[in-house]
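Survey of secondary and tertiary structure
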Amino acid sequence: MNQATDPASLIHPPTDSAIRRAAAELTAGNLVGVPTETVYGLAADATRDDAVSKIYQAKGRPSTNPLIVHTADATAARRYTSLFVGDRRNADVDSALIDQWDIASALWPGPLTVVVPRSTSIPDIVTAGRDTVAIRVPDHHVMRKLLKQCPFPLAAPSANVSNYVSPTTARHVADGLGQSVAMVLDGGRCDWGVESTIIQLNADGPRLLRPGGITAEQLRSVFGQIHVPDQDGNHTQAQVAPGQLPTHYSPDKTLVFLDRYETLLRDPSFQAPQRTGRIAFGKLNDAQRSRFDQVWVVDETGDLRRIASSLFAVLREADQSDCDLLVIDRCEESGIGRAIMDRLRRATRSVDQTH
Ligand code: TXA
Ligand code: MG
């Protein structure tokens, strides 16, 4: 894309002709910004090395961090795993994995990504050379129409520059990656607002690699048992999705939790910033507001689903403000709250570490 392209001109309402054009761009090996119910994706034909390599380049993503493959439905997804041979279960694969696949795929379409042994239909560049592939059937009418028109699956990471906050509007994509995409399909604001839940299927039961919209509670109820990292995120490296770096999803400004900020204020060596912003998860009274130069209330009612849905847009907005320091609330770690806190732990950095 031309440096001078106006980001807004890349954004297209999801008419049938725009979706056809997006399919044509993808067929030509180009990148398209696509809406999903979680966050926007940066899509390419998952079967083509040249197209997929453009994703890594555009995001500045290390080639060791594999991508999620998106398909139109669970039947289409089967081809990319080694769990099936044609319509039949593969007798060479542990049947526990195939049973888990059946349970997981019944949750599709939806915000769930499943890591399974891969087939040879997916090139190494997508899986970063691993013997597993991450697959998801998204639940967004525009993305589903697009997938049905493409005779190939779509590799799509979140459509942000590597390590920045994921995009939840078409404008976020055009602003961040406008120079790399042929177009962005505008599917409105993402419903969930946080990336999909990722599980890895294993003989002794699925492991939760990344919390998201499908909650640990829901997974436990369908699988009976799942392996979940403890609340401090302590698990062996082998159990963590390779892209889940300790610092991730971060705004450029320093972001700290409210309790950490209170501790800093009591520290005589702490140099108070010029302007401090507060990102709140519920209504603030006048006294609470007056302590900060700017306040964003993510959701007045404190509803976790609504907080998740608006969180990344608010983080981006606060990042563009003239505050030097951003202070954010914690939330309860149940349901979708686990995904919110997972992202915020990665986004908050100790003030000491940023000097
Ligand atoms: O909601 C979502 O999942 C969005 C939308 C666009 O679908 N996509 C997304 O992709 O969040 P990305 O690339 O930003 O995050 C995918 C995560 C990365 O942490 C990556 O390391 C992990 O999935 N992953 C991909 N393939 C994997 C594999 N074979 N084994 C373990 N983790 C894998
Ligand atoms: Mg991402």
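What counts and what doesn't
Residues numbered from 1 in each chain as written. Chains lettered and ligands numbered in written order. Predicted model: local features only at pLDDT ≥ 70, side-chain atom pairs only at ≥ 80, totals over all residues. Heavy atoms only, no water. Domains from an automatic or database assignment. Contact = heavy atoms within 4.5 Å. Buried area = accessible area lost by both parts, 1.4 Å probe. Salt bridge = Lys/Arg side-chain N within 4 Å of Asp/Glu carboxyl O. Nonpolar A, V, L, I, M, F, W, Y, C, P; charged D, E, K, R; others polar. Pairing = 2+ DSSP bridges. Helix = DSSP H or I, 4+ residues; strand = E, 2+ residues; numbered from the N terminus. UniProt positions renumbered as here; feature names shortened; annotations may be inferred. Polar contact = N/O pair within 3.5 Å; in protein donor to acceptor, adjacent residues only side chain to side chain. Buried < 20%, exposed > 50% of the residue type's maximum accessible area, 1.4 Å probe, protein only. Disulfide = S-S within 2.5 Å. Phe/Tyr/Trp six-rings, centres within 6.5 Å; stacked < 30°, edge-to-face > 60°. Axes fitted to C-alpha atoms, helices over the stretch in contact; angles between N-to-C directions. Parallel < 35°, antiparallel > 145°, perpendicular 65-115°, else oblique. Left-handed = near helix turned anticlockwise from the far one by under 90°.

**Focus: the domain arrangement of the chain**
Per the domain assignment, the segments making up the chain are domain 1 (7-223) and domain 2 (254-353). Counting residues at the interface gives 23 residues for domain 1 and 16 residues for domain 2. For the pairing of domain 1 and domain 2, the buried interface totals around 1,800 Å² over both sides, and the portion due to carbon and sulfur atoms is 53%. D191 serves as the salt-bridge partner of R305, at 3.4 Å between the closest nitrogen and oxygen. A per-class count over the side of domain 1 that touches domain 2 returns nine nonpolar, nine polar and five charged.

**A few points about the sheet that holds strand β4 (residues 68-70)**
Across the sheet, which stays open at both edges, the 10 strands sit in the order β1-β10-β2-β3-β9-β4-β8-β7-β11-β12 with mixed pairing between neighbours. Each edge of the open sheet carries a strand with a single partner, namely β1 (11-12) and β12 (207-210). Bridging between strand β11 (residues 197-200) and β12 involves three bridges; their strand directions are antiparallel. Within β12, the position partnered with I198 by the bridge is R210.

**Here's the deal with the UniProt feature "binding site: L-threonine" (unreviewed entry) in the chain**
Residues annotated in UniProt with the feature "binding site: L-threonine" (unreviewed entry) correspond here to T38, H70, R136 and A156. Across 119 residues of sequence, these annotated residues stay compact in space, with a maximum C-alpha separation of 12.8 Å. Apart from the residues lying within four places of it in its own chain, the contact partners of H70 are R136, P138, M143, L147, P153, L154, A155 and A156. A polar contact is formed between the side chain of H70 and the backbone oxygen of I68, at a distance of 3.4 Å. Here R136 lies in strand β8 (residues 132-136). What makes R136 buried here is its relative accessible area of 2%.

**Considerations on the UniProt feature "binding site: ATP" (unreviewed entry) in the chain**
UniProt feature "binding site: ATP" (unreviewed entry): in the numbering of this structure it lies at R61, N65, T132, S158, S166, S196, R210 and Y249. By the secondary structure assignment, R61 is in the loop between α2 (49-59) and β4. The exposure class of R61 is buried, given its relative accessible area of 14%. Each residue touching R61, except ones within four places of it in the same chain, is listed here: Y56, P66, L67, P157 and S162.

**Examining the state of the cysteines**
As enumerated under the stated definition, the model contains zero disulfides in all. C190 supplies the cysteine sulfur nearest to C150, a cysteine that is in no disulfide, at a spacing of 18 Å. Here C150 falls in the buried class, since its relative accessible area comes to 7%.

**Description of the packing of aromatic side chains**
Tallied over the full model, the rule gives three aromatic pairs. Ring geometry for W101 versus W108: centroids 5.4 Å apart, planes at 85°, classification edge-to-face. Judged by its relative accessible area of 2%, W101 falls in the buried class. Looking at W108, the relative accessible area reads 9%, which means it is buried. With a centroid separation of 5.7 Å and an interplanar angle of 40°, the aromatic rings of Y261 and F292 are classed as tilted.

**Things to note about the packing of helix α1 (residues 16-27) against helix α6 (residues 141-149)**
Running from amino to carboxyl end, α1 crosses α6 at an angle of 50°, the nearest separation of the two axes being 9 Å. The angle between α1 and α6 falls in the class oblique. For the element pair α1 and α6, the recorded crossing hand is right-handed. Of the residues in α6, those touching α1 at D16, I19, R20, A22, A23 and L26 are V142, K145, L146 and Q149. Across the contact of α1 with α6, the residue classes tally to six nonpolar, one polar and three charged.

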